[in-house]
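Residues per chain, in single letters:
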Amino acid sequence: MAKDIFSEVEKQADSAAASRASWRGVLSLDIPTLGLGAVEYHLRAAKAHGNLQPVSYIKIDTKTGKEVVSREVPVMYRYKEGPSGERLEMQEVSRDEAKKHVKYQGKYQISVKTEKRFFLKNELEMSGKWVEVPLNQIVDKQGDEEIEPFDRTTKIEVEADGFVPLERLSEYKFKEVYQLGPDTDKKVKETVSRIKQLTRYLLQKDTALVSFFSWGRGYQFYTSVIYPYERKDGRLWLLMGLSEGILLLDDTWALEDEKESQRLPAVPVAHKKKPKVTIAK
């Protein structure tokens, strides 16, 4: 059975060296309607790497300055049961308190939930001591700088240099592509014609818009690329691709030599000024 070219090429993903061929084979064509008669091409394939790297940061206890880690642990609560079975006067209790309430105070019941809590890392991993740290006492740090998670994007802000020619869209590694349309809610009163006008303008200018995009609370964010697409049947779309990075094409695999003065700069990616977060090397 022939091997899957894509699974073979994927094995090269973590290589830091120059792209190495991970597949060799033959491209066989016989398409008379395209002017391609019976012909064969002997080819090699190497994976094109991307520049996406994980965001690296640690959680710090502001009181002690020590690193904190999270763990899923069982947490006990005491409560009273209301007339309709609802839980009233919920309060977290220790194991000893739970035993006491169950044994001596029949008016309380005990429930157990699994929750994520935070503990001092060294004490837990080196000595097995579970020293819990309150959530309001924890900050995220990258190096010596305190950082904060990104909130959900509700306004896509395109900076003055946030654009790229449509011909270079293939250099982005899109995770997902979304179709954009007008919000016709009465409070907003956006129209199809205005969105269509923008889409036509971008098409005429052969341009896509580049900006920052975050789905929600956290450090995962994307470069959003908003671009027009017109199909041959005349249908028009405004699309938004969420890019996890850009392709890093190996110059040694270029089919034509390129002079240094003619080399194009990398396509733009999103940057968020506040909070400051850098990518792990």
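In the block above lies the structure referred to throughout.
It should be emphasised that the depicted structure is a prediction, and the values quoted were computed from it without experimental measurement.

So, how was this worked out
- Residues numbered from 1 in each chain as written.
- Predicted model: local features only at pLDDT ≥ 70, side-chain atom pairs only at ≥ 80, totals over all residues.
- Heavy atoms only, no water.
- Helix = DSSP H or I, 4+ residues; strand = E, 2+ residues; numbered from the N terminus.
- Buried < 20%, exposed > 50% of the residue type's maximum accessible area, 1.4 Å probe, protein only.
- Contact = heavy atoms within 4.5 Å.
- Areas by Shrake-Rupley, 256 points an atom, 1.4 Å probe, with all protein chains shown as cover.
- Patch = residues over 30% accessible without salt bridge, like charges linked within 9 Å, V, L, I, M, F, W, Y side chains within 5 Å.
- Salt bridge = Lys/Arg side-chain N within 4 Å of Asp/Glu carboxyl O.
- Core = buried A, V, L, I, M, F, W, Y, C linked by side-chain atoms within 4.5 Å.
- Lys, Arg positive; Asp, Glu negative; His and termini not counted.
- Polar contact = N/O pair within 3.5 Å; in protein donor to acceptor, adjacent residues only side chain to side chain.
- Expected span 1.5 Å × (residues − 1).
- Arc of directions from axis to C-beta.
- Pairing = 2+ DSSP bridges.

With respect to the overall build of the protein chain
Per the secondary structure count, the protein chain includes four helices and 14 strands. The buried share of the protein chain, taken over its 281 residues, is 29%. Contacts in the protein chain between residues at least 24 apart in sequence constitute 65% of all its contacts with a sequence separation of at least 6. Of the roughly 20,500 Å² of accessible surface on the protein chain, a fraction of 50% belongs to carbon and sulfur atoms.

Considering a nonpolar patch on the surface
Where nonpolar side chains cluster on the molecular surface, the patch consists of Leu27, Tyr41 and Leu43 and spans about 240 Å² of accessible area. On the secondary structure map, Leu43 appears in strand β2 (residues 36–45). For Leu43, a relative accessible area of 37% puts it in the partly exposed group.

Notes on the nonpolar core
By size, the foremost hydrophobic cluster in this structure holds 11 residues: Val164, Leu166, Leu169, Tyr172, Ala208, Val210, Val225, Tyr227, Leu239, Ile246 and Val267. Elements with a minimum of two residues in this core: β12 (207–213), β13 (222–230) and β14 (236–248). Dropping the residues within four chain positions of it, Leu239 is found in contact with Val177, Tyr178, Gln179, Leu180, Val225, Ile226, Tyr227 and Tyr229. Grouped together as the second largest cluster of nonpolar side chains are eight residues, Leu202, Ile226, Met240 and Leu242 included.

Let's talk about the side chain of Asp61
Structurally, Asp61 is set in strand β4 (residues 58–61). Within the buried core, Asp61 has no salt-bridge partner, and the shortest N-O distance to an opposite charge, that of Lys63, equals 7.4 Å. In terms of polar contacts, Asp61 uses its side chain to reach the side chain of Thr64, at 2.8 Å. In this structure Asp61 touches Lys66, Val68, Leu120, Val133 and Gln137, once residues within four positions along its chain are discounted.

Some remarks on the pattern of salt bridges
Under the definition given, this model contains 13 salt bridges. Asp140 is the salt-bridge partner of Lys59, the closest N and O atoms lying 2.8 Å from each other. Here the residue Lys59 occupies a position in strand β4, and Asp140 occupies one in strand β8 (residues 138–142), the gap between them amounting to 81 residues. Exposure remark for Asp140: the relative accessible area of 9% places this residue in the buried category.

Concerning helix α4 (residues 192–204)
Between its first and last C-alpha, α4 extends 18 Å over 13 residues, near the 18 Å set by a 1.5 Å rise per residue. Those residues of α4 that fall on the buried side of the exposure criterion are Ile195, Thr199 and Leu202. Viewed end-on, α4 has its buried residues packed into an arc of 60°, placing them on one side of the element. Residues of α4 that are exposed and angled more than 90 degrees away from the buried face: Ser193, Arg194, Gln197 and Gln204. Where α4 terminates, the next one or two residues include Asp206, which has phi positive at roughly 55°.

Notes on the pairing of β14
As judged from the two bridges shared by strand β3 (residues 49–50) and β14, these two strands associate in the antiparallel manner. Looking across to β14, one finds that Gly50 is bridged to Leu247. Across seven bridges, the pairing between strand β11 (residues 172–180) and β14 is antiparallel. If you follow Gln179 over to β14, its bridge partner there is Leu239. Connecting β13 to the antiparallel partner β14 that follows it, the hairpin turn spans five residues, and Gly234 within it adopts a positive phi of roughly 95°.

Concerning unusual backbone geometry
For Glu89, which is not glycine, the phi dihedral falls at a positive 55°. With respect to the helices and strands, Glu89 occurs in strand β6 (residues 87–93). What makes Glu89 partly exposed here is its relative accessible area of 47%. Even without being a glycine, Asp206 presents a positive backbone phi close to 55°. On the secondary structure map, Asp206 appears in the loop between α4 and β12. A relative accessible area of 36% places Asp206 in the partly exposed class.

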